[in-house]
Each structure stands twice: as C-alpha cells, then as structure tokens.
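The chain contents come next:
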Amino acid sequence: MDEKEIIKIHNVTKRFGGLVALDKVTFNIYKGEILGIIGPNGAGKTTLFNCITGVYRPDDGKIFFNGLDITGKPPHRITQLGIVKTHQIVKPFNEFTVLENAMIGALFGRRAGKISKDEAREIALKNLELVGLIEKKDELASGLTLHEKKFLELARALSAEPEVILLDEALAGLNPKEVEESLDIVRMINKELGKTIVMVEHVMHAVMNVANRIVVLHFGKLLAEGSPKEVAEMPEVITAYLGDKDLALKFVKR
Amino acid sequence: MDIDEFFKRPTPLFILILLIVILIAKLLRLETTDYLITIMFFIGIAMALNIIMGFAGYVSFGHTVFLGISGYVFALLVYYNRDFANLMNMYSGIPIFFIALLAGGVSALVAFLVGIPVLKLKGAFFAIATIGLDFAALYIIKAFIPILNPEFFGAQIILPAYALAYKDNVFVAMYITFALIIIANYLIRRSRFGMGLLAISEDEDAAEALGVPTTKYKLISFALSAFFTGMLGAVFGLNSGGVDENLFNLAHTIDMIVMIVIGGIGTVMGPLVGSIIYFILYDTLLVTYPEFNLVILGFIVAVIVLFAPRGVVGILRGKQFMGKKLRDIIE
Ligand SMILES: Nc1ncnc2c1ncn2[C@@H]1O[C@H](COP(=O)(O)OP(=O)(O)OP(=O)(O)O)[C@@H](O)[C@H]1O
Ligand SMILES: [Mg+2]
C-alpha cells in the first residue's frame with residue numbers, strides 16, 4: 001500500500017430535512033488499501049457511500065477521485081470513472097441470468113462503449129469464476145440464495161473494472177463459513193487485482209481482521225481514524241460503539 | 001452475422017416469415033388490403049410501445065397521444081401542401097413513408113421534451129402523467145384545429161380527394177413502416193442499448209450504479225417509441241381518409257398494453273405473437289359475437305394474464321426444447 005490518496009472526502013455534509021446524516025466529514029482513502037468503515041446504525045455509512053457514488057449530492061463539501069472533482073456527478077459517470085458500490089440490500093436483475101447480470105457491469109463500466117459483447121462475456125465469466133458462481137451462470141438471478149446474490153453483487157461490480165470497490169455490509173446475514181470465504185475473496189481482490197476496497201461492516205472481527213485502516217462514524221461525524229488496533233483502544237470508540245475494551249481487542253487478535 | 005447464425009435464431013426468422021406472409025397475402029389477394037393494413041397497424045403499435053414499456057419497463061398509458069399528434073401533423077401537411085398531396089400517388093407510396101417519418105419526428109420531439117420531466121416519475125405516476133399528456137394534447141387539438149379552418153368542424157380533418165392515396169400506395173408505406181418497427185425492436189433487443197433498457201426495467205438504481213446512463217436511455221427509448229407510434233398514426237390516418245379526435249382515444253393504448261402483456265413483456269417475440277393472437281381474436285369475435293365481443297375478449301385476456309403473468313412467450317421461457325433452454329432460443 002502506497003501513501004497516495006485515491007479518494008479525498010473533504011468537509012462533506014449531507015442533511016435529510018433536519019437530520020444531519022453526515023456532518024463535515026473529512027478523510028482520505030489511499031490507493032491499494034482495505035479501509036473499514038464502522039459505526040452504529042444510522043451513523044451515516046451508507047449515506048457516505050451514496051455521496052461518493054453520486055446517488056446523493058452533498059449539501060456541502062467536495063469529493064475528489066484521482067484529483068478530479070466528482071461531487072454531484074451522476075452515478076453512472078462515477079462508475080465509469082472507476083468507483084463501484086455493492087448494495088447493502090442486494091439488487092440483482094432478477095429476470096437476467098447470472099452471466100447477463102455480470103455482463104451489464106462489463107458493458108457499461110469503465111470501458112463502456114469500447115468493449116464488444118464477447119469481451120464483456122469473458123470479463124463476466126472471469127469474475128463469476130472468482131466469486132464461485134460460475135456453475136450458476138445460466139440460471140436466473142432470482143433463483144439464487146441471499147449469499148449467492150451478495151457474491152453476484154460483487155461479481156457485477158468487479159466486471160465494471162473499477163479502481164475502488166465500496167462494499168456496503170457485504171457480510172451481513174452470512175454464516176461464519178461464508179464470511180471466511182468472502183474475506184478470502186476480498187483479500188484476493190485487493191492483493192492480486194490491486195483494487196482499493198472500502199467496506200462498511202458490522203461484523204466486527206471480520207473487518208478488524210481484514211482492514212488495514214478503520215474509520216469510525218458516529219451520528220454523522222468522523223469519530224476516529226487509525227489502524228484496527230489503535231481504533232479498538234480509543235476510549236471514545238469503545239463508549240460509542242464497541243462497548244468493552246477487552247472485547248474490542250479480541251476482535252483484532254482473532 | 002453470417003447466414004447460419006441468422007437461422008439459428010427464430011426471432012429474425014419469424015420476422016422474415018411474417019413479412020413474407022403479409023406480402024404473399026397482398027400479392028395473391030388472400031386478404032383485403034384494408035385488412036392487411038389494419039393488422040400491420042395493430043402489431044405495429046404493440047411493437048412501438050414495446051420499446052418503452054417492454055424493454056425499459058415504463059408503461060406509457062397515454063401513448064395514443066403520439067398516434068394523434070403525428071396523425072394530425074400528417075393530415076395538415078397533406079391538406080395544406082399541394083406538393084405533398086401530389087406525392088401521395090407517386091413512386092408507389094415511398095413519399096408517403098417519408099412524410100410519415102417527418103410526422104413521426106414531431107412525436108419524437110414531443111416525447112423527448114415531455115420525457116425530460118415525466119420520465120423522472122415511476123410506475124403509476126408515470127402512467128398517469130402520460131394520460132395527462134394525452135388529454136392536454138387532445139384539448140389543444142380540439143381548441144385550435146377548428147379555428148384553423150371552418151372545414152375542420154369538430155376537429156375532424158377529412159382529406160380532399162386529390163390528397164388521398166391509392167390503397168396500394170398506403171399498403172407500401174405501411175409495410176415499410178411496419179418492417180422498420182419490428183426490425184428496430186429486434187436490433188434494440190440484441191444491442192447494448194437494449195440490455196441497458198432491460199436492466200432499467202429490472203432495477204433502475206442498480207442499472208445506474210453499474211454505469212447505465214439511465215436518464216439518457218429512457219429518453220431515447222421513449223422518443224423512439226413515440227416516433228414509431230407516430231408514423232403508424234400518420235399512415236393509418238391517411239388510410240382512413242382523414243383524422244379525428246378518436247386517434248387520441250385511450251382504448252388504443254389498452255389494446256397495445258394487452259397485446260404486449262399477453263405475449264410476454266421484455267421480449268420481441270412476445271408482443272409479436274401477442275398482437276397477432278389478440279388481433280385475430282378481436283377480429284373473429286367482432287364478427288361472430290358483435291354484441292359481447294369485448295366481454296369475451298376481456299375474459300380471455302384475464303385468464304391469460306392470471307395463468308401466465310409473463311405472457312404466452314413467458315410460459316415457454318423456462319421450458320426445455322431439444323436440450324436447449326427455450327429462453328435462449330426465443331430471445
Ligand atoms: N433517503 C433518506 N431520507 C431521509 N433520511 C435518510 C435517508 N437515507 C438515510 N437517512 C437517515 O440518515 C441517517 C444515516 O443513515 P445511513 O443509512 O447512512 O446509516 P448507516 O450508517 O448506513 O446505518 P446502518 O448501519 O443501519 O446501515 C439515518 O438516520 C437515516 O434514517
Ligand atoms: Mg447502511
């Protein structure tokens with residue numbers, strides 16, 4: 001991991017009516033890292049992802065990607081520039097086959113318009129192989145289990161060939177074995193494909209283990225930032241979110 | 001695409017056969033020219049609406065507005081322009097096709113402009129907004145057409161005899177328009193654009209998040225759909241010898257929607273098969289049970305929709321045929 005920032009979040013504020021979902025949030029995401037974002041329910045994690053990917057326009061502040069101001073650009077543009085998000089609530093194209101789902105990513109992603117259908121199919125197949133869905137490629141997405149649908153989200157996102165992947169609670173609802181499988185894939189995508197990964201996660205031991213760095217959000221504010229170990233020892237993080245210091249450190253060690 | 005590949009896919013084959021059958025029926029006089037023009041009109045409007053409703057998943061309930069707009073534009077062009085009127089009976093109907101293109105273009109423009117705000121609405125709200133468009137256009141026509149010329153009493157434009165075309169010329173214009181619409185459907189369905197539209201109909205947010213320019217794609221598909229619907233309105237108006245407010249009648253949209261739904265949404269074959277079934281049912285029931293043809297038709301449609309929510313083609317999708325998934329073959 002080098003120290004070059006790939007995404008800069010500068011002073012971002014997002015309000016929903018009177019509710020301040022993000023309050024002057026500033027931090028950097030570095031190229032090649034796995035960044036974990038944690039925080040209680042309603043802390044603004046999904047909202048932050050939505051601001052980065054253009055689903056919401058921040059009321060204030062700016063977001064830069066590779067030095068380019070992407071604040072307020074439409075989501076499809078941001079995807080084509082190289083940031084893709086998976087959804088907390090999975091959104092498969094139900095009447096498409098698994099392969100077609102992933103092909104949409106390839107056809108409209110970073111190389112949108114410059115890629116043939118055959119190339120798109122190759123890319124999609126490669127990514128389905130990677131997440132272990134290759135055997136289901138010709139099945140309709142509606143028939144997949146939740147666990148498989150989450151992997152499909154990932155394969156679709158990867159097929160868009162992004163530089164940065166935002167995973168919104170990709171592990172929620174998975175059993176321990178599936179969590180381990182997913183973590184291996186996340187590490188692989190990071191190490192071998194060189195993708196920068198930002199993951200919002202409540203499964204504490206998982207994120208503390210896989211992430212290089214952690215950012216803690218609390219009531220829309222940036223509460224803390226640091227290595228998993230540092231963060232787990234911060235008193236304010238423990239009171240706000242982790243609850244118990246010994247427990248917190250156990251997450252890191254596991 | 002080489003010729004083998006072409007015949008492996010039944011949809012283009014079916015389109016080709018349909019076009020040849022209509023041509024043979026015309027040349028051998030198996031059916032009246034009027035009947036053939038009407039069936040092409042019916043299948044055509046279903047296929048035209050299919051581009052926005054079947055592919056992008058937006059139910060444009062006021063879609064007849066484009067039959068109306070282009071029908072009136074065409075009628076006015078021919079009524080007031082002697083050059084255009086003279087062309088009606090020249091070059092075997094090709095000029096009619098080109099004037100219909102022009103009239104369709106007006107509908108496309110209206111759809112594009114109206115689409116910018118209206119395509120932000122979803123589901124029933126979009127449908128209702130398009131009904132509003134239909135009513136608004138109808139009121140404008142009813143208010144202004146009679147002012148234009150006292151002969152347009154009740155907003156009815158009856159084309160003068162010199163501006164009417166031989167049936168054969170109307171047939172040619174309708175035939176080219178019809179072929180254009182179904183071939184366009186097929187090409188869109190197979191293209192990247194078509195995949196993007198289908199992704200929009202499945203989940204618009206997910207499509208946008210994966211890079212599909214949803215706003216642009218919806219606008220283009222709405223404008224294209226309006227364009228083709230408009231062309232049909234223009235040629236059909238000419239065939240009827242003029243236009244009246246009935247072109248705006250929402251009953252036409254119901255026909256279009258029913259044809260798409262009984263055939264199978266999201267496909268090309270679906271509305272094609274659906275509209276043929278519907279037209280034949282409609283036509284035979286009208287002749288055999290003129291009093292309650294609509295009741296029977298409604299009952300049949302309800303049964304089909306109840307037992308096959310994704311239409312006749314939809315039932316076949318999951319089935320196997322000679323070791324291949326029918327879904328792959330049909331689409
Ligand atoms: N579209 C919206 N309209 C109004 N309020 C919203 C909207 N989206 C989020 N909020 C509110 O903003 C706050 C932050 O929500 P957000 O979804 O970002 O939280 P989160 O950290 O992702 O929580 P969770 O862990 O439950 O997913 C919450 O109070 C939520 O109710
Ligand atoms: Mg969330």
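Keep in mind that what you see is a predicted model, and the values were worked out from it rather than measured.

Analysis parameters
- Every chain's residues receive numbers from 1 upward, in the order its sequence appears when written.
- Chain A is the first chain written and ligand 1 is the first ligand written, with later ones labelled in order.
- Local features are withheld for residues below a pLDDT of 70 in this predicted model, meaning they are given only at 70 or higher, and side-chain atom pairs are given and counted only at 80 or more; totals for whole chains, interfaces and linings count all residues.
- With hydrogens and water excluded, all non-hydrogen atoms of the structure serve as input to the side-chain values.
- Helix numbering and strand numbering both begin at the N terminus, where a helix is a DSSP run of H or I of at least 4 residues and a strand a DSSP run of E of at least 2.
- Only protein chains enter the area calculation, which uses a 1.4 Å probe; residues under 20% of their type maximum are buried, those over 50% are exposed, and those in between are partly exposed.
- Per-residue and other accessible areas were derived by the Shrake-Rupley procedure at a 1.4 Å probe size, with only the shown protein chains allowed to occlude residues.
- Charged residues are defined here as Lys and Arg on the positive side and Asp and Glu on the negative side; His and the ends of the chain fall outside this count.
- A charged residue contributes its charge at one atom only: NZ of Lys, CZ of Arg, CG of Asp or CD of Glu.
- Salt bridge, as used here: a side-chain nitrogen of Lys or Arg that lies within 4 Å of a carboxyl oxygen of Asp or Glu.
- When DSSP finds two or more bridges between a pair of strands, those strands are recorded as paired.
- Per-residue confidence from the predictor is reported as pLDDT, a score between 0 and 100.
- Axis definition: a line fit to C-alpha positions, over the contact stretch in the case of helices; interaxial angles, taken between N-to-C directions, run 0 to 180 degrees.
- Here is the rule for angles: anything less than 35 degrees is roughly parallel, anything more than 145 is roughly antiparallel, 65 through 115 is roughly perpendicular, and the remaining ranges are oblique.
- Two helices cross in a left-handed way if the nearer one is turned anticlockwise from the farther one by less than a right angle. They cross in a right-handed way if the turn is clockwise.
- Throughout, a residue-residue contact means that at least one pair of heavy atoms, one from each residue, lies within 4.5 Å.
- Three classes are used: nonpolar for Ala, Val, Leu, Ile, Met, Phe, Trp, Tyr, Cys and Pro, charged for Asp, Glu, Lys and Arg, and polar for all others, with Gly counted as polar.
- Aromatic contacts are taken between Phe, Tyr and Trp rings whose centres are within 6.5 Å, Trp giving its six-membered ring; a plane angle under 30 degrees counts as stacked, one over 60 as edge-to-face, and the others as tilted.
- Coordination shells were defined by N, O and S atoms within 2.8 Å of each metal, extended to 3.2 Å for Na, K and Ca; water is absent from the atom set, which can make sites look incomplete.
- When we say a residue is near a molecule or strand, we mean one of its heavy atoms is within 4 Å of it.
- Polar contact is the term for a pair of N or O atoms within 3.5 Å; when the atoms are in protein, one must be able to donate a hydrogen and the other to accept it, and sequence-neighboring residues count only if both atoms are side-chain atoms.
- Among the buried residues, those of types Ala, Val, Leu, Ile, Met, Phe, Trp, Tyr and Cys that are joined through side-chain atoms within 4.5 Å form a nonpolar core.
- Domain segmentation is taken from an automatic or database assignment of domains.

**Regarding the overall build of chain B**
Piece 1. For chain B, the helix and strand inventory stands at 16 helices and four strands.
Piece 2. Taken along its principal axes, the extent of the C-alpha atoms in chain B is 65 × 50 × 45 Å.
Piece 3. Looking at the 331 residues of chain B, the share that counts as buried comes to 54%.
Piece 4. When the accessible surface of chain B is summed, it comes to about 14,400 Å², and 72% of that surface belongs to carbon and sulfur atoms.
Piece 5. Once the 20 positive and 21 negative side-chain charges of chain B are each reduced to a mean point, those two points are 8 Å apart.

**Looking at the pattern of salt bridges**
Piece 1. Tallied over the entire structure, the rule returns 22 salt bridges over all chains.
Piece 2. Residue Lys91(A) pairs with Asp205(B) through a salt bridge whose shortest N-O separation is 3.5 Å. Of this pair, Lys91(A) sits in the loop between β6 (83-86) and α3 (98-108) while Asp205(B) sits in helix α10 (residues 204-209), on two different chains.
Piece 3. A residue is classified by how much of its surface remains accessible, and Asp205(B), at 47% relative accessible area, is partly exposed.
Piece 4. Note that Lys167(B) is salt-bridged to Asp34(B), the shortest N-O span being 3.7 Å. One end of the pair, Lys167(B), is in helix α8 (residues 167-190); the other, Asp34(B), is in helix α3 (residues 33-55), and 133 residues separate them in sequence.
Piece 5. Overall, Lys167(B) belongs to the partly exposed group, its relative accessible area being 33%.
Piece 6. A relative accessible area of 36% places Asp34(B) in the partly exposed class.
Piece 7. Taken together, the salt bridges that share partners define one network made up of Lys31(A), Arg110(A) and Glu163(A).

**So, the pairing of β6(A)**
Residue and element names in this part refer to chain A.
Piece 1. Alternating positions in β6 separate into two faces, Ile83 and Lys85 on one and Val84 and Thr86 on the other, with burial throughout.
Piece 2. Taken together, the four bridges between β6 and strand β7 (residues 164-168) define a ladder with parallel strand orientation. Each residue of the ladder has a partner; that of Ile83, found in β7, is Val164.

**Remarks on the confidence of the model for chain A**
Do not read the fine detail of predicted coordinates wherever pLDDT is low.
Piece 1. Summary statistics for chain A give a mean pLDDT of 90 and a share of 94% for residues scoring 70 or more.
Piece 2. Of all the helices and strands in chain A, helix α10 (residues 245-253) of chain A carries the lowest mean pLDDT, 66, while helix α2 (residues 75-81) of chain A carries the highest, 96.

**Some remarks on the packing of α3(B) against helix α11 (residues 214-239) of chain B**
All names here are of chain B.
Piece 1. With their axes 8 Å apart at the nearest point, α3 and α11 run at an angle of 165 degrees to one another. One element, α3, and the other, α11, form an angle in the roughly antiparallel class. Between α3 and α11 lies a crossing whose hand is left-handed. Side by side, α3 and α11 meet where Asp34, Ile37, Thr38, Phe41, Gly44, Ile45, Ala48, Leu49, Ile51 and Ile52 of the first sit next to Lys218, Ser221, Phe222, Leu224, Ser225, Phe228, Thr229, Leu232, Gly233, Phe236 and Asn239 of the second.
Piece 2. For the contact of α3 with α11, the class distribution of residues is twelve nonpolar, seven polar and two charged.

**Overview of the packing of aromatic side chains**
Piece 1. Taken as a whole and judged by the stated rule, the model has 20 aromatic pairs over all chains.
Piece 2. For the pair Phe93(A) and Phe96(A), a centre-to-centre distance of 5.3 Å together with 45 degrees between the ring planes defines the contact as tilted. The same class applies to Phe93(A) as to Phe96(A), namely buried.
Piece 3. Judged by centre distance (6.3 Å) and plane angle (85 degrees), the rings of Phe41(B) and Phe42(B) are edge-to-face.
Piece 4. Every member of this aromatic cluster is reached through a ring pair, and the members are Tyr35(B), Phe41(B), Phe42(B), Phe236(B), Tyr278(B), Phe279(B) and Tyr282(B).

**A word on the coordination of the magnesium ion (ligand 2)**
Ideal coordination angles are 109.5 degrees for a metal with four donors arranged tetrahedrally and 90 or 180 degrees for a metal with six donors arranged octahedrally.
Residue and element names in this part refer to chain A.
Piece 1. Listed as protein donors to the magnesium ion (ligand 2) are Thr46 (OG1) and Gln88 (OE1); their distances from the metal cover 1.9 to 2.4 Å. With a gap of 42 residues between them, Thr46 in helix α1 (residues 45-52) and Gln88 in the loop between β6 and α3 connect regions that are remote in the sequence.
Piece 2. Exposure remark for Thr46: the relative accessible area of 28% places this residue in the partly exposed category.
Piece 3. Looking at Gln88, the relative accessible area reads 34%, which means it is partly exposed.

**What about the site of ligand 1?**
Residues and elements named next belong to chain A.
Piece 1. Every one of the 15 residues lining ligand 1 counts as a neighbour, but Asn41, Lys45, Thr46, Thr47 and His202 are closest to it.
Piece 2. Lys45 places a polar side-chain atom, nitrogen or oxygen, 2.8 Å from an oxygen atom of ligand 1.
Piece 3. Look at ligand 1: alone it shows 630 Å² of surface, and the protein chains cover 64% of it.
Piece 4. With three residues, α1 is the single largest residue contributor to the shell around ligand 1.
Piece 5. Of the residues assigned to the shell around ligand 1, the class counts are six nonpolar, seven polar and two charged.

**Some thoughts on the interface of chain B and chain A**
Note: interface size is frequently given as the accessible area lost on complex formation between the parts.
Piece 1. Tallying the contact residues gives 22 residues for chain B and 27 residues for chain A.
Piece 2. Counting only elements with at least two residues in the side of chain B that touches chain A, the list comes to α9 (192-202) and α10 of chain B.
Piece 3. For the side of chain B that touches chain A, the element with the highest residue contribution is α9(B), accounting for six residues.
Piece 4. Of the residues belonging to the side of chain B that touches chain A, the class tally is ten nonpolar, two polar and ten charged.

**Some remarks on the nonpolar core**
Piece 1. By size, the foremost hydrophobic cluster in this structure holds 162 residues, and its most contacted members are Ile104(A), Met199(A) and Phe74(B).
Piece 2. Top element by residues in this core is α3(B). It accounts for 16 residues.
Piece 3. Each of domain 1 (5-82 + 163-251) and domain 2 (93-159) of chain A accounts for three or more of the residues forming this core.
Piece 4. Each residue touching Met199(A), except ones within four places of it in the same chain, is listed here: Ile34(A), Leu35(A), Gly36(A), Ile37(A), Leu167(A), Leu171(A), Leu183(A), Val186(A), Val207(A) and Val210(A).
Piece 5. Membership of the second largest hydrophobic core comes to 26 residues, among which are Ile6(A), Leu48(A), Val164(A) and Val200(A).

**Observations regarding the side chain of Asn149(B)**
All names here are of chain B.
Piece 1. Within the secondary structure layout, Asn149 lies in the loop between α7 (123-148) and β1 (157-158).
Piece 2. Here Asn149 falls in the buried class, since its relative accessible area comes to 13%.
Piece 3. Beyond its immediate sequence surroundings of up to four residues, Asn149 is in contact with Tyr79 and Tyr80.

**A look at the sheet that holds β7(A)**
Residues and elements named next belong to chain A.
Piece 1. Pairing is mixed across the open sheet formed by six strands, whose spatial order is β6-β7-β8-β3-β9-β10. Looking at the sheet topology across the chains shown, the edges are occupied by β6 and β10 (221-226). Geometrically, the sheet is characterised by an average inter-axis angle of 20 degrees between neighbouring strands, direction not taken into account.
Piece 2. Both strand β9 (residues 213-218) and β10 contribute to a ladder of five bridges, which runs antiparallel. Bridge pairing in β10 places Val215 opposite Glu225.
Piece 3. Sheet strands touched by helix α5 (residues 146-159): β6 and β7. Its angle to β6, the strand with the most contacts, is close to 170 degrees.
Piece 4. The sheet strands contacting helix α6 (residues 176-191) are β3 (34-38), β7 and β8 (196-200), and the helix crosses β8 at an angle near 150 degrees.

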